[in-house]
Structures are given as C-alpha cells and as structure tokens.
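Listed here are the chains, written in short residue letters.
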There are 2 protein chains.
Amino acid sequence: MLERIHLAIVQEVERQGSLTAAADILHVTQSALSHSMKKLEQQLGTHIWLREGRSLRLTQSGQYLLALAERVLPQLDLAEVRLREFARGERGTLRIGMECHPCYQWLLKVVSPYLAAWPDVDVDVKQKFQFGGIGALFGYEIDVLVTPDPLFKPGLRFEPVFDYEQVLVVAKGHPLASAAQVRPRQLAQEVLITYPVEIERLDIYQQFLLPAGITPRRHKTIETTDIMLQMVASGRGVAALPRWLVQEYADKLDVVPVRLGARGIAKQIFLGAREADTAIDYVRAFVALCSQTP
Amino acid sequence: MLERIHLAIVQEVERQGSLTAAADILHVTQSALSHSMKKLEQQLGTHIWLREGRSLRLTQSGQYLLALAERVLPQLDLAEVRLREFARGERGTLRIGMECHPCYQWLLKVVSPYLAAWPDVDVDVKQKFQFGGIGALFGYEIDVLVTPDPLFKPGLRFEPVFDYEQVLVVAKGHPLASAAQVRPRQLAQEVLITYPVEIERLDIYQQFLLPAGITPRRHKTIETTDIMLQMVASGRGVAALPRWLVQEYADKLDVVPVRLGARGIAKQIFLGAREADTAIDYVRAFVALCSQTP
DNA sequence: ATGATGAATGAGCCAAATTCATGGGTGTGT
DNA sequence: ACACACCCATGAATTTGGCTCATTCATCAT
C-alpha cells in the first residue's frame, strides 16, 4: 500500500522540484512516477500534490508524507548499509563467554587491541550460562568461549590460546611462603578461598586435594580476584590461581606463589567457536589475535 | 530492495514462530515468503535466519531487521490511518498519554476548549504503556505525553506546562489539619494512600519520607482521585496531592491541605511531543494551548 | 516406520509496474 | 502572437517480478 518507493518519490520530487527530474534520479520514467502516485492517491483517497500550472505543491497529506519520508528513509538506507557490513563481517557484536574466572585479566589485554583493530565491532562479555559454556555456543548466546575444558564436538572448533601453571597463593608471612612446593595434607588446616563455582571445576580439588583424600579446614568463595588476593595477603586463607596472575599482583600485595605438588598443576586455556563462524572476519580475527597473544 | 513487506515478514515470523503461520496472517502462501526472503538474503549477502531443523532463528542481521521493523512499521501504519483521516476531512486523533495521575483533572480543563477550537480532531487519552511514556512517544502509541519526568532526547520536545505544590491532604478533624507544615516523623503512625505506581515515582517517598528514613504505618493504594479523597475525608488515611486539586475538592469534602516540610514540595508538569510532529498544526495547537493555560 | 509439519525449490501464470507514445496545459523568448 | 521548451497526465503495450501450485526435502513425534 504505502511503500518505500512512494516515500522516495515524495522526497525526491521535493528535492528536485519536478516529477521529471525526480524520475531521472530514481532511474525510471516520469510516467512511472505519475502512475505510481496517482494510484496511491486513489487508494488513500487524498491528493498528495496540488497541480498548479506545471508545478506541484504538497498538500497537507503530502507534507505529512514528506516528513515521514525524511524520518524513515534514512533508517532504511542505513539498514541496508549496515546489513551489508554484517554480511562482509565488518560489523557486529562479538559475544565472548568466559568459563574461567582469572582469565578475565588476560581477556582485557586481548580485547583492547582487538577493539582498536575492529572499530565497528562491539564486544560483549558474558559469564553466566544456563546450559554451560558449550551450550551457550551451540545456542548462539555467545560467539566465542574462553574455557579450560574444551569439548571437541562436530560443529565446534577449539584452539589452545595460552598455557600457565596453577599455583597456591599464600601471604608473605605464611609458613608455606618459602616452601618449594606444597603437599595436599599441608592444606588440611588451611582456609581455602575459591571462586563460587562447582567443585568439579576447581582443579585444586580435582587434581590435588581429592586424589589425596584431603579437604581444607574451611572453604570460602569470593567473586572477584582482587578481593580474593586481599584476603590471602591479610592471612585469611590461601587460594589457587595462575602463576602469571599472582606475579602481577606481587608488586602491590604481599602474596607468594607456591607450586602445587612436585610437578605443579599445568593448565591450558582454549578458545572455542562455532565452525560455521570461522567464515566471519571479525570472529576469525579474534581467534587469531588470541593465538598470537602470549 | 529492502521493502516494507520484508520488515512485515520478519516481524510476523518472529511473532508467529514460523513462516507458514506468518504467511497465513499476511494472506499469502508460505512459498511467497520463502521466495521473498531468499531473494532479500541474496541481495544483502547475509542470512536473516539460521535454518535449524524446521525452525528459524534470527541472525544478527535478522535481529537488526526485527528492531528496524518494530520501529518503522508502526509509523507506516499510522501514516496510512492519518492520511485516510485527512482524506475524510477529519484532522485526525490526538492521542494523549498521561504519566501523572492527578493531572487528569487538569487535562479536562485543557481538553474542552481544545475540542471546541478543533472540532475535527478527536482526543484519546491513554494511561498504560508497555515501555513507559517516553517509549510510547517513540513508538507512536501516543502523540503527546503529560509527565512530571521529562527526558530531553533528540527527537523529542518537552515544555513545562504548569507548576504546583504537592501537599499532604488530611481530614478536617485530623490533628495535623491546623498545622502550618508537617514533618516526616509525624507521618510514621499514619496510613498513607497513594496511586498504585512504583514508589520511585511517588514524590512523598522520594523527596520527603525516604530522605528522613521514615515509612508510614501502612500504605494503601487507590486508583481514583475521588475515592482517595473520600477515604481521606473519612479519616482512613492521608494522601499527597497537588494543592490546587485539594482546594477544588475543599468545598465538597472535609479535607485540608498541609505543606510538606518547611519549603513544601514543588512540582512541574511537562508536555512532551515528537519533534517531527510540531509540523502538524493540531498537535502544535495543543501544546500551545497547554502552555497558555495556567 | 510413518504420518504430520514446516521450509525450499522450480515452473508457470498473471497482475502490476514500467515504458512508450501522445496530448494538454503553461510559461518564455523572439 | 507564435513557436518552443518544459512539465504532467493518460491509455495502450510490454515486461518484470511476485505469487501460487505442485513437489521435494528435512525434521520431529508417534
């Protein structure tokens, strides 16, 4: 009924001053415009222009249409541009899922050069998923997933992005601070501070305490890395974190890393994405950037 | 290229959940929709839906289109209605949104001279909005908004239309009736009657009780001003209303206004409209009339 | 398995949009 | 005053593109 072309005609006629000129701009004949508008006028039951001599003057209806056109057409034009940008992978929102609390610090380092390189791509970070990180990937809640637990399933691609050692963090004055390594039973009388996630996902339990049949004296959970380390520094407990993270904080806080067991706990962080999305420039670029960043 | 029908399809598919159902609503075959959208997808170079099994899920492009549709289609629909109204010689309908309960009494005073001055314009008053009054303005649900909370955003214009003092209303025999002013703590044992809106929008809470850390003994809500004042007059509680409103009722009911705090609560009511609509004479006239009416 | 449901596809048709050809009306320059 | 340029309207011819129909393919539930 009232179509985009009608708005375009009204707008262009106003700009050009005549149907004929507008027809040229719109790459159709003057006749086509005349027919189109006549039909619209019949359907609406109102004239859009007053024919005065050989020129047209907008009626009230026409002015209303013109205002509508000026308001709506730019939105449609912009939409076409945007959609083509989406198509070429030049614009979009990269939704990053995090299944690894301390990785947040690492992510920040990657995101800032990424944002600089892709000014038209927005980044969104999500940390809670109804059906787990993998589910969020499959369910298109997120586009990439930062996780220590890759799952090689058809349709997904995981790449290791960095390795680190998970260590125990203790306060500088703590008896274990000068130890070369710590054994499970030495934690039996300690307060262990972790992020609030299931025990199954805490390596210090899975790979260290539980195999030895030990549990800590108490288990506290804290959301944020900063506060967690403050607590450790003040002697309220010990925590398990990546070595690089502890070293970064070592300047500001009196915390010391200690190897967990004789060999230490080696960890690897993976970046997962949907196979299909590797076609999208800005997704591929993010994965590539992460692989390069040590 | 990107036509109205495409937006309608995206919107309707989202509402109905399937192409087939949407096709019924739009009175065409499923095949037609499939062909149309396929063509659009080819022209844009991007998919609009991910075909998952037998259902469709919007891509980023699709979500963008959906947002565009929700924004643009109502405007086109409204335009058709308006233009037909113009065609019939009617001027149209001025849809007034109210976000301020007691203003209704004031509105009546403005509307009657307006109706007299604009016999071809109908007036419609709406009080419920899904996304708030501002949202209703942007979404073309209403044409003007009466509100105590203006929001100076591009595309909207707000003008103050009248000032008043918010006062406490008590029954004539009430202990506070003869007080020059009331303090927050004096309401601690009172029953407070308000309109049923969120506490954030009740000035007596925001500007009077909460800063003093006081809550009334009980809080009742009543929809209508008349009944509210009947309740106050019969000693069932106290309420906060505009002074002019209380004075109007003072003849019929035994209610007395009392200043809230030493300085009183000053309020200002604004009339908001879309910038683009200032071109419409009967909208402009309404705003002008409101500004003049004290 | 089997039927039901929903989307995709290709062929063919038809309506609607466009063009073509033309005429009427209005300013303008000589 | 007359010819000419310019602009819009109109009817008929033509072409395009959108729609339907018929069918296939895939998925899901029984």
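The structure presented is a predicted model; accordingly, all values stated were derived computationally and were not measured.

## Description of the overall build of chain A
- The secondary structure content of chain A amounts to 10 helices and 12 strands.
- Rg of the C-alpha trace for chain A: 31 Å, well past the compact-globule value of 19 Å for 294 residues, more than 25% over.
- Expressed as a percentage of its 294 residues, the buried residues of chain A come to 48%.
- The contacts of chain A with a sequence gap of at least 6 include a subset with a gap of at least 24, amounting to 72%.

## So, the protein's contact with DNA strand D
- Taken together, the neighbourhood of DNA strand D is formed by 20 residues, with Thr 20, Lys 38 and Arg 51 of chain A together with Thr 29 and Ser 31 of chain B sitting nearest.
- Here the atoms of DNA strand D within 4 Å of the protein split so that 57% fall in sugar or phosphate, with bases taking the remainder.
- Between DNA strand D and Lys 38 of chain A, the relevant distance is 2.6 Å, taken from a phosphate oxygen to a side-chain nitrogen or oxygen of the residue.
- Residue composition of the surface near DNA strand D, by class: four nonpolar, 11 polar and five charged.

## Considerations on the packing of aromatic side chains
- As enumerated under the stated definition, the model contains 15 aromatic pairs over all chains in all.
- Taken together, a centroid distance of 5.1 Å and an interplanar angle of 85 degrees make the contact between Tyr 114 of chain A and Phe 286 of chain A edge-to-face. Residue Tyr 114 of chain A is located in helix H5 (residues 103-117), and its partner Phe 286 of chain A is located in helix H10 (residues 281-292); the two are separated by 172 residues in the primary sequence. When sorted by exposure, Tyr 114 of chain A lands in the same class as Phe 286 of chain A, which is buried.
- On the basis of an interplanar angle of 75 degrees and a centroid distance of 6.0 Å, the ring pair of Phe 152 of chain A and Phe 158 of chain A is categorised as edge-to-face.
- The aromatic ring of Tyr 140 of chain B is capped on one face by Arg 274 of chain B, whose charged end is 3.8 Å from the ring centroid.

## A closer look at the interface of chain A and chain B
- The interface is formed by 32 residues belonging to chain A together with 34 residues belonging to chain B.
- Here chain A meets chain B over a buried area of about 2900 Å², counting both sides, of which 60% is carbon and sulfur.
- The largest contributions to the chain A side of the interface with chain B come from Gln 60, Tyr 64 and Leu 83 of chain A, which together make up 22% of the buried area.
- On the surface where chain A and chain B come into contact, there are zero salt bridges.
- Sorting the residues of the side of chain A that touches chain B by element identifies helix H1 (4-16), helix H3 (30-44), helix H4 (60-88) and strand E3 (92-98) of chain A as the ones contributing at least two each.
- Element by element, the count of residues in the side of chain A that touches chain B is highest for H4 of chain A, at 17 residues.
- Class assignment for the residues of the side of chain A that touches chain B results in 16 nonpolar, nine polar and seven charged.

## Some thoughts on the protein's contact with DNA strand C
- Around DNA strand C sit 19 residues in total, of which Ser 31 of chain A together with Thr 20, Lys 38, Arg 51 and Arg 54 of chain B are the nearest.
- Near the protein, meaning within 4 Å, the atoms of DNA strand C are sugar or phosphate in a fraction of 57%, with bases accounting for the rest.
- Those elements giving two or more residues to the surface near DNA strand C turn out to be H3 of chain A together with helix H2 (19-25) and helix H3 (30-44) of chain B.
- Within the surface near DNA strand C, the residues separate by chemical class into three nonpolar, 11 polar and five charged.

## Considering the pattern of salt bridges
Residue and element names in this part refer to chain A.
- With the rule as written, the count across this model stands at 29 salt bridges over all chains.
- Notably, a salt bridge pairs Asp 77 with Arg 4, separated by 2.7 Å at the nearest N-O pair. Of this pair, Asp 77 sits in helix H4 while Arg 4 sits in helix H1, and the two are 73 residues apart along the sequence.
- When its relative accessible area of 39% is taken as the criterion, Asp 77 is described as partly exposed.

## Topic: the state of the cysteines
- One pass over the full model with this rule turns up two disulfides over all chains.
- A disulfide bridge connects Cys 100 of chain B with Cys 103 of chain B, and the sulfur atoms are separated by 1.8 Å. Its S-S torsion of approximately 70 degrees makes the covalent link between Cys 100 of chain B and Cys 103 of chain B right-handed.
- Judged by its relative accessible area of 6%, Cys 100 of chain B is buried.
- Since its relative accessible area comes to 1%, Cys 103 of chain B is described here as buried.
- For Cys 290 of chain A, which is in no disulfide, the shortest distance to another cysteine sulfur is to Cys 103 of chain A and amounts to 11 Å.

## Comments concerning helix H1 (residues 4-16) of chain B
- The end-to-end C-alpha distance of H1 of chain B, which contains 13 residues, comes to 18 Å, matching closely the 18 Å that a straight helix rising 1.5 Å per residue would cover.
- Within the span of H1 of chain B, buried status applies to Arg 4, His 6, Leu 7, Ala 8, Ile 9, Val 10, Gln 11, Glu 12 and Val 13 of chain B.
- Its buried side turned inward, H1 of chain B meets H4 of chain A together with H2, H3, strand E1 (49-52), strand E2 (55-58) and helix H4 (60-87) of chain B.

## Quick look at the environment of Ile 142 of chain B
Residue and element names in this part refer to chain B.
- Residue placement: Ile 142 occurs in the loop between helix H6 (132-138) and strand E5 (144-147).
- As a C-alpha pair, Ile 142 and Ile 96 span 46 residues in sequence and 5.8 Å in three-dimensional space.
- Setting aside residues up to four positions removed in sequence, Ile 142 forms contacts with Arg 95, Ile 96, Gly 97, Lys 126, Phe 129, Gly 133, Ala 136, Leu 137 and Arg 274.

## Regarding the side chain of Glu 165 of chain B
All names here are of chain B.
- Inspection of the secondary structure puts Glu 165 in strand E6 (residues 156-171).
- Relative accessible area serves as the criterion here: at 15%, Glu 165 is assigned to the buried category.
- A distance of 3.0 Å separates the side chain of Glu 165 from the side chain of Arg 259, its partner in a polar contact.

## Some remarks on the domain arrangement of chain A
- The domain architecture assigned to chain A consists of domain 1 (4-76), domain 2 (87-160 + 269-291) and domain 3 (163-267).
- The gap between the C-alpha centroids of domain 1 of chain A and domain 2 of chain A is 48 Å.

## Considerations on the environment of Gln 247 of chain A
- Mapping Gln 247 of chain A onto the fold places it in helix H9 (residues 243-249).
- C-alpha separation for the pair Gln 247 of chain A and Ala 279 of chain A, spaced 32 residues apart in sequence, amounts to 38 Å.

## Things to note about the pairing of strand E12 (residues 265-274) of chain B
Residue and element names in this part refer to chain B.
- By the criterion of burial, E12 is predominantly enclosed, with eight of the 10 residues buried.
- Relative to E12, E5 is paired through four bridges, and the arrangement is antiparallel. When the sheet's bridge partners are listed, Val 146 is paired in E12 with Leu 271.
- Relative to E12, E6 is paired through 10 bridges, and the arrangement is antiparallel. Counterpart to Leu 156 in the pairing with E12 is Arg 274.

## Observations regarding the pairing of strand E11 (residues 255-260) of chain A
Residue and element names in this part refer to chain A.
- Note that strand E6 (residues 156-171) and E11 share five bridges and pair antiparallel. Considered in E11, the bridge of Val 167 is made with Arg 259.
- Sheet topology places strand E7 (residues 181-182) next to E11; two bridges connect them, and they run parallel. Counted as the bridge partner of Gln 181 is Arg 259 from E11.

Reading the values: the criteria
- Residues numbered from 1 in each chain as written.
- Chains lettered and ligands numbered in written order.
- Predicted model: local features only at pLDDT ≥ 70, side-chain atom pairs only at ≥ 80, totals over all residues.
- Heavy atoms only, no water.
- Helix = DSSP H or I, 4+ residues; strand = E, 2+ residues; numbered from the N terminus.
- Rg over C-alpha atoms; globule rule 2.2 N^0.38 Å.
- Buried < 20%, exposed > 50% of the residue type's maximum accessible area, 1.4 Å probe, protein only.
- Contact = heavy atoms within 4.5 Å.
- Near = heavy atom within 4 Å.
- Polar contact = N/O pair within 3.5 Å; in protein donor to acceptor, adjacent residues only side chain to side chain.
- Nonpolar A, V, L, I, M, F, W, Y, C, P; charged D, E, K, R; others polar.
- Phe/Tyr/Trp six-rings, centres within 6.5 Å; stacked < 30°, edge-to-face > 60°.
- Lys NZ or Arg CZ within 6 Å of the ring centre and 35° of its normal.
- Buried area = accessible area lost by both parts, 1.4 Å probe.
- Salt bridge = Lys/Arg side-chain N within 4 Å of Asp/Glu carboxyl O.
- Disulfide = S-S within 2.5 Å.
- Expected span 1.5 Å × (residues − 1).
- Domains from an automatic or database assignment.
- Pairing = 2+ DSSP bridges.

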